[in-house]
Amino acid sequence: MRPVLLPPNSQRRFYRGGARIADLRSLPVTDDHVPEDWLGSTNTAFASEREGLSLLPDGIALRDAVRADPEAFLGLDHVKTTGPDPALLVKLLDAGERLPVHFHPGRAFAREALDSEHGKTEAWVIVTAEPDAEVHVGFRSDVERGTVLGWIAEQDGAAMLATLNRVPVAAGDTVLVPGGTPHAIGAGILLVELQEPTDFSVLMELDAFGLGDDDMPHLGLGWERALEALDTSAWDESRLAAMRAPPRPVDGRSGALSILPAEADPYFRAERLLPDPVAELDAGFSIVVVLRGSGVLAASDGSELPVKRGNTLLVPHAAGPCRLSGELEAVRCRPGDPDAGEGEW
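Computed from a predicted model, the values in this text were never measured in an experiment.

Visitor: Please clarify how the overall build of the chain should be interpreted in this entry.
Guide: Along the backbone of the chain there are 9 helices and 20 strands. Taking 2.2 N^0.38 as the reference for a compact globule, 345 residues should give roughly 20 Å; the C-alpha atoms of the chain span a radius of gyration of 19 Å, in line with that estimate. Projected onto the principal axes, the alpha-carbon positions of the chain cover approximately 60 × 40 × 40 Å. Each of the 345 residues in the chain was classed as buried or not, and the buried ones make up 57%. For the chain, the share of sequence-separated contacts (at least 6 apart) that also reach a separation of at least 24 residues comes to 73%. Accessible area for the chain stands at about 14,000 Å²; split by element, carbon and sulfur atoms hold 49% of it. Between the mean site of the 31 positive side-chain charges and the mean site of the 55 negative ones, the chain shows a separation of 4 Å.

Visitor: Quick question: what am I supposed to make of the pairing of strand β18 (residues 304–308) here?
Guide: Side chains on a regular strand alternate between the two faces of the sheet. Side chains of β18 alternate between two faces, with L305 and V307 buried and E304, P306 and K308 left unburied. Remark: 5 residues form the turn of the hairpin made by strand β17 (residues 286–298) and β18, two consecutive strands paired antiparallel; G302 in that turn has positive phi of roughly 95 degrees.

Visitor: Hey, could you run me through the packing of aromatic side chains in this one?
Guide: Remark: the centre distance and the inter-plane angle together describe each pair of aromatic rings, the angle taken between the planes. In the structure shown here, the tally under the stated rule is 6 aromatic pairs. An angle of 85 degrees between the planes, with centres 6.1 Å apart, marks the rings of F14 and F209 as edge-to-face. Placement of the pair is F14 in the loop between β2 (10–11) and α1 (19–25) and F209 in the loop between β12 (202–203) and α8 (223–226), with a sequence separation of 195 residues. The partly exposed category is assigned to F14, whose relative accessible area is 30%. Centroid distance Y267 to F268: 6.3 Å. Interplanar angle 50 degrees. Geometry classified as tilted. In this pair, the class of Y267 matches that of F268, namely buried. Through successive ring pairs, a cluster of aromatic residues spans F14, Y15 and F209.

Visitor: Hey, could you run me through the nonpolar core in this one?
Guide: Proteins that are soluble and globular tend to have nonpolar side chains buried together. By size, the foremost hydrophobic cluster in this structure holds 54 residues, and its most contacted members are W124, I185 and F268. Apart from residues lying up to four places away in sequence, W124 is in contact with V135, V137, D173, T174, V175, V177, H183, I185, L191, V192 and E193. Formed by 27 residues, the second largest nonpolar core is a distinct cluster that contains A110, V148, L164 and W223.

Visitor: Would you mind going over the pattern of salt bridges with me for this structure?
Guide: Any two side chains of opposite charge can pair, on the condition that their charged atoms come close. Across all of its chains, the model carries 32 salt bridges by this definition. The partner of R239 in a salt bridge is D231, with the nearest N and O atoms 2.6 Å apart. Taken together, the shared-partner salt bridges in this structure form one network comprising R13, E36, K91, K120, E122, E193 and D199.

Visitor: Explanation requested: unusual backbone geometry in the structure shown.
Guide: For residues besides glycine, phi is generally negative; the peptide bonds are generally trans as well. At the junction of D276 and P277, the peptide bond is cis and its omega measures out at 0 degrees in the coordinates. Here P277 is to be found in the loop between β15 (268–273) and β16 (278–281). Phi at D132 is positive, roughly 70 degrees, even though this residue is not glycine. With respect to the helices and strands, the residue D132 is situated in the loop between β6 (122–129) and β7 (134–139). A relative accessible area of 69% means that D132 is categorised as exposed. The phi dihedral of D251 falls on the positive side, at around 50 degrees, and the residue is not glycine. Among the structural elements, D251 can be located in the loop between β13 (248–249) and β14 (256–258).

Visitor: Whenever I open this one, the sheet that holds strand β3 (residues 36–39) confuses me. Can you help?
Guide: Strand pairs in the sheet, formed through backbone hydrogen bonds, run parallel or antiparallel to each other. The strand order across the open sheet built from 6 strands is β2-β3-β4-β11-β6-β9, with neighbouring strands paired in antiparallel fashion. Across the chains shown, the open sheet's two edge strands, defined by having one partner strand only, are β2 and β9 (174–177). Both strand β4 (residues 89–95) and strand β11 (residues 189–195) contribute to a ladder of 7 bridges, which runs antiparallel. Paired with V90 across the bridge in β11 is L194.

Visitor: Can you walk me through the state of the cysteines in this structure?
Guide: Covalently bonding the sulfur atom of one cysteine to the sulfur atom of another cysteine gives a disulfide. Considering all chains together, one arrives at 0 disulfides under this definition. C322 takes part in no disulfide bond, and the closest cysteine sulfur to it belongs to C333, at a distance of 15 Å.

Procedures and definitions
Residues numbered from 1 in each chain as written. Predicted model: local features only at pLDDT ≥ 70, side-chain atom pairs only at ≥ 80, totals over all residues. Heavy atoms only, no water. Helix = DSSP H or I, 4+ residues; strand = E, 2+ residues; numbered from the N terminus. Rg over C-alpha atoms; globule rule 2.2 N^0.38 Å. Buried < 20%, exposed > 50% of the residue type's maximum accessible area, 1.4 Å probe, protein only. Contact = heavy atoms within 4.5 Å. Areas by Shrake-Rupley, 256 points an atom, 1.4 Å probe, with all protein chains shown as cover. Lys, Arg positive; Asp, Glu negative; His and termini not counted. Charge placed at Lys NZ, Arg CZ, Asp CG, Glu CD. Pairing = 2+ DSSP bridges. Phe/Tyr/Trp six-rings, centres within 6.5 Å; stacked < 30°, edge-to-face > 60°. Core = buried A, V, L, I, M, F, W, Y, C linked by side-chain atoms within 4.5 Å. Salt bridge = Lys/Arg side-chain N within 4 Å of Asp/Glu carboxyl O. Disulfide = S-S within 2.5 Å.

Okay, here's the thing in structure tokens:
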């Protein structure tokens, strides 16, 4: 089993975007509301049976292929702890406009209220950002749920946004966003998003985006129940800084840097690959996004796959250790560490 190039899997959403993804992937711009490309997706959009699933080059849904041969795709250790589930969704996300203030439930709430083993802790790897680009993460001071209910009833988006921390971002930055954290991605940002494999979003800001109750903004739970999953505590500077760890070497492997805080390990891992002259990939399921340049990914059986800017690759565990060479930069997205435990969120 060898690495393969993943075809585009564009998703239409309520917010504007898509041109930056098209530019990265050298595709024509066909719509201004396709701001997400779901990579290696084995989960569906909320309340859908098929929408969102990734297809392999032969047209087979990745979810079906993984279920048919989980050890080859995921490795024995992963299957023992997680089953035939990659437990990871990777997206390209182009914020053509500021996204609404919203949050995602954590694992404990998802299990109790949504019958899901996964919540939606996520992380952002900033690919490009316009000058003065920003994201908004966590309340600046403690907030009462009754106050939040009032903002939602009045659709006071300005008040919601004003209570969040403004975080400037630039290309190369990363931000870990735990389940339950209120947030909004600002306009003019292209990012790679790693997340738990669900489409659970509680959308607090509706009117400005043409959304209503039919769009299931509270996941069908009602506002009071859904807001039980919201982190209403204050995020100070130290807490924000902890979600933005500096890059660090990965197990002595050349050309690879871990770029997320250790707190992300139970959920997913990300590595920046910078061949010098090669970047070494240990065996394991991963999604690789080539951000610039071109080169070759060589698998353990001697096969070689030419890659270039905008390519997205699925690397199965059975491909064994791989070597990436060339003048390029890529991000490798991986499931959580099987030895990392349950996680905080």
